[in-house]
Amino acid sequence: MSNFKNLGFGLVLAVATAGAVSTAAMMAAPAAIAQENKAEVSDNVGIVADFLNNTGADKVEAAAKRLVASDATYISLNFDNPELKQIIPWVGTQKGPEAYSNAIMRVQQFGTLEDFKVLDIFGAGENVAVFGQFTYRAKATGIAVTSPLAIRAKVRGGKIVLFQFMEDSYGTASAFRVSGKWTVKTDPAGSPYEVGKGN
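Residues numbered from 1 in each chain as written. Predicted model: local features only at pLDDT ≥ 70, side-chain atom pairs only at ≥ 80, totals over all residues. Heavy atoms only, no water.

(A) Up close: the overall build of the protein. From N to C terminus, the protein includes five helices and eight strands. Mapped in sequence order, the helices and strands of the protein form the string α-α-β-α-β-α-β-β-β-β-α-β-β. Taken over 199 residues, the protein has a buried fraction of 41%. Across the protein, every contact between residues at least 6 apart in sequence was considered, and the portion connecting residues at least 24 apart equals 54%. A total accessible area of about 11000 Å² is found for the protein, and carbon and sulfur atoms account for 56% of it. (Helix = DSSP H or I, 4+ residues; strand = E, 2+ residues; numbered from the N terminus. Buried < 20%, exposed > 50% of the residue type's maximum accessible area, 1.4 Å probe, protein only. Contact = heavy atoms within 4.5 Å. Areas by Shrake-Rupley, 256 points an atom, 1.4 Å probe, with all protein chains shown as cover.)

Laid out in structure tokens, this is it:
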């Protein structure tokens, strides 16, 4: 996405101090391990936040090289949907740091991110979750959509190894629609009906 704004995360890193081996130190070991785990979680959240803070067109390639593992997986909206990929070319599953930067640059090529809000970000071990919303305007049609977002990320050894970005893909695809209707049947006991714009 083009400007993820200044997310302004204050990350508190827990620091464990080392001392002489004693009964008290041995008893405190579980607490020290818990502190180390908290520090690791904070680091992992910080790495994902760092990536989100550096997704402008002039920064995203460098951020991906710095923060993304060489064999990392990027999943956008779905695992593999050729029909949706015709509308939104960056969807699907890709590998490597360039997949991260290429997807975000394609998003910017086709539209403008007018707003991006992170409402919650937190971690547990190697896992980081992000929830928020964004407004995206398609350049070709001028249509804007506001969508919720969810990101599932994994960080190992200081690098992002998985980034799964979810949004209202129907809404995003609709921003590019010029005309056309679908005839759908959702209720097994009901009749087909049309949704979408007329010609």
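(B) Quick look at the packing of aromatic side chains. One pass over the structure, following the stated rule, counts twelve aromatic pairs. Here the aromatic rings of Trp-90 and Phe-110 are separated by 5.8 Å at their centres, their planes lie at 65°, and the arrangement is edge-to-face. Of this pair, Trp-90 sits in the loop between helix H3 (82-87) and strand S2 (92-95) while Phe-110 sits in helix H4 (residues 97-110), placing them 20 residues apart in sequence. On the basis of relative accessibility, which here comes to 4%, the residue Trp-90 falls in the buried class. You can call Phe-110 partly exposed: its relative accessible area is 26%. Note on Tyr-170 and Trp-182: the rings are 6.1 Å apart at their centroids and 65° apart in plane angle, and the pair reads as edge-to-face. Residue Tyr-170 is found in helix H5 (residues 169-174), and its partner Trp-182 is found in strand S7 (residues 181-184); the two are separated by twelve residues along the sequence. (Phe/Tyr/Trp six-rings, centres within 6.5 Å; stacked < 30°, edge-to-face > 60°.)

(C) Expanded view of the pairing of strand S4 (residues 127-138). Note that strand S3 (residues 111-124) and S4 share twelve bridges and pair antiparallel. Within S4, the position partnered with Thr-112 by the bridge is Arg-137. Counted between consecutive antiparallel strands, the loop separating S3 from S4 contains two residues, among which Gly-125 sits at a positive phi close to 65°. Bridging between S4 and strand S5 (residues 144-156) involves eleven bridges; their strand directions are antiparallel. Directly across from Phe-131, in S5, lies its bridge partner Ala-150. Counting the residues in the hairpin turn of S4 and S5 gives five residues, including Gly-142, whose phi is positive at 80°. (Pairing = 2+ DSSP bridges.)

(D) Region of the structure containing the side chain of Glu-167. Relative to the helices and strands, Glu-167 resides in strand S6 (residues 159-167). Of the side chains bearing the opposite charge, Lys-85 lies closest to the buried Glu-167, which forms no salt bridge; the N-O distance is 13 Å. At 2.4 Å, the side chain of Glu-167 forms a polar contact with the side chain of Thr-172. (Lys, Arg positive; Asp, Glu negative; His and termini not counted. Salt bridge = Lys/Arg side-chain N within 4 Å of Asp/Glu carboxyl O. Polar contact = N/O pair within 3.5 Å; in protein donor to acceptor, adjacent residues only side chain to side chain.)

(E) Looking closely at the confidence of the model for the protein. Per-residue pLDDT for the protein averages 83, and the proportion of residues at 70 or more is 79%. Low pLDDT (under 50) marks residues 1-27, which in the prediction has 42 contacts with non-local residues, meaning those over four places away or in another chain. (pLDDT = per-residue confidence, 0-100.)

(F) Fine view of the packing of helix H2 (residues 60-67) against H4. Where H2 contacts H4, the two axes come as close as 8 Å, and the packing angle between them is 155°. It follows that H2 is roughly antiparallel to H4 by the angle criterion. Seen along the crossing, H2 lies across H4 with a hand that is right-handed. Facing H2, whose interface residues are Val-60, Glu-61, Ala-64 and Lys-65, H4 presents Pro-97, Tyr-100, Ser-101, Ile-104 and Met-105. (Axes fitted to C-alpha atoms, helices over the stretch in contact; angles between N-to-C directions. Parallel < 35°, antiparallel > 145°, perpendicular 65-115°, else oblique. Left-handed = near helix turned anticlockwise from the far one by under 90°.)

(G) Up close: the sheet that holds S3. Ordered by their spatial adjacency, six strands build an open sheet running S2-S1-S6-S5-S4-S3, and the pairing between neighbours is mixed. A single partner strand is all that each edge strand has here, and the edge strands are S2 and S3. For this sheet, the mean angle separating the axes of adjacent strands, direction not counted, is 15°. In this fold H2 packs onto strand S1 (68-76) and S6, with an angle of close to 120° to the strand it touches most, S1.

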